[in-house]
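A closer look at the structure
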Amino acid sequence: LGYIFETELVDHLLNKFLLNTAFRNDTLACLTEIAFMEQPNYDPVFLKVFMGVMSLLDTQLPPETNIPPEFERAGENDQAFIRGLS
């Protein structure tokens, strides 16, 4: 667990890979797995993951977005991204 929480892994996932559409879906899956770990002593890392993903969503899928039509118009990668958020 130290490798996940005590290194720059989460920062790299959030700042390097999540922003790159080629890696976004796999990165979201990794961050989801990390978020499901129950490690209270690493709460600041969980908060960083939550805030990082929410920040990305705010720019790429703003709150006013009507998701069903956007999903229909989206390409395969973007549809997988939207599915991964559910």
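Note that this is a predicted model, so its numbers are computed, not measured.

Reading guide: rules and limits
- Residues numbered from 1 in each chain as written.
- Predicted model: local features only at pLDDT ≥ 70, side-chain atom pairs only at ≥ 80, totals over all residues.
- Heavy atoms only, no water.
- Helix = DSSP H or I, 4+ residues; strand = E, 2+ residues; numbered from the N terminus.
- Buried < 20%, exposed > 50% of the residue type's maximum accessible area, 1.4 Å probe, protein only.
- pLDDT = per-residue confidence, 0-100.
- Arc of directions from axis to C-beta.
- Contact = heavy atoms within 4.5 Å.
- Core = buried A, V, L, I, M, F, W, Y, C linked by side-chain atoms within 4.5 Å.
- Expected span 1.5 Å × (residues − 1).
- Salt bridge = Lys/Arg side-chain N within 4 Å of Asp/Glu carboxyl O.

Attention shifts here to the overall build of the protein. Tallying secondary structure elements over the protein gives six helices and zero strands in all. Seen in sequence order, the protein has helices and strands lined up from the N terminus as α-α-α-α-α-α. When its C-alpha atoms are laid out on the principal axes, the protein stretches across 40 × 25 × 20 Å. Here the protein holds 86 residues, and 27% of them are scored as buried.

A few words now on the confidence of the model for the protein. Detailed reading of the predicted coordinates is not advisable wherever pLDDT falls low. On average, residues of the protein score 92 in pLDDT, and 100% of them are at 70 or above. Looking over the protein, one finds the lowest element-wise mean pLDDT in helix H1 (residues 2-5), namely 88, and the highest in helix H2 (residues 9-17), namely 95.

Buried residues of helix H6 (residues 76-85): Gln 79, Phe 81 and Ile 82, and no others. One face of H6 carries all of its buried residues, which in axial projection span an arc of 155°. On its buried side, H6 packs onto helix H3 (24-35), helix H4 (43-60) and helix H5 (67-73).

This next bit is on the nonpolar core. Core analysis: the biggest nonpolar cluster contains 19 residues, and Phe 5, Val 10, Leu 14, Leu 18, Leu 31, Ile 34 and Val 53 have the highest contact counts within it. Looking at this core, the elements that each hand over two or more residues are H1, H2, H3, H4 and H6. Per element, the largest residue contribution to this core is six residues, and it comes from H4. Once residues lying within four places of it in the same chain are set aside, the contact partners of Val 10 are Ile 4, Ile 34, Val 45, Lys 48 and Val 49.

Each α-helix turn comprises 3.6 residues. Residues three or four places apart therefore point the same way. Here H4 contains 18 residues, and its C-alpha end-to-end distance of 26 Å stays within 8% of the 26 Å for a straight helix at 1.5 Å per residue. Among the residues making up H4, those that are buried are Val 45, Phe 46, Val 49, Val 53, Leu 56 and Leu 57. In an axial view of H4, the angular spread of the buried residues amounts to 110°, which keeps them on one side of the axis. In H4, the exposed positions angled more than 90 degrees off the buried face are occupied by Pro 44, Leu 47 and Thr 59. Contacts from the buried residues of H4 go to H1, H2, H3 and H6.

Counting across every chain of the model gives three salt bridges. The shortest N-O distance in the salt bridge between Arg 24 and Asp 78 comes to 2.5 Å. With Arg 24 in helix H3 and Asp 78 in helix H6, this residue pair connects regions lying 54 residues apart in the sequence. A salt bridge links Arg 73 to Glu 70; the nearest nitrogen and oxygen atoms lie 2.7 Å apart. Placement of the pair is Arg 73 and Glu 70 together in helix H5, with a separation of three residues, close to one helical turn.

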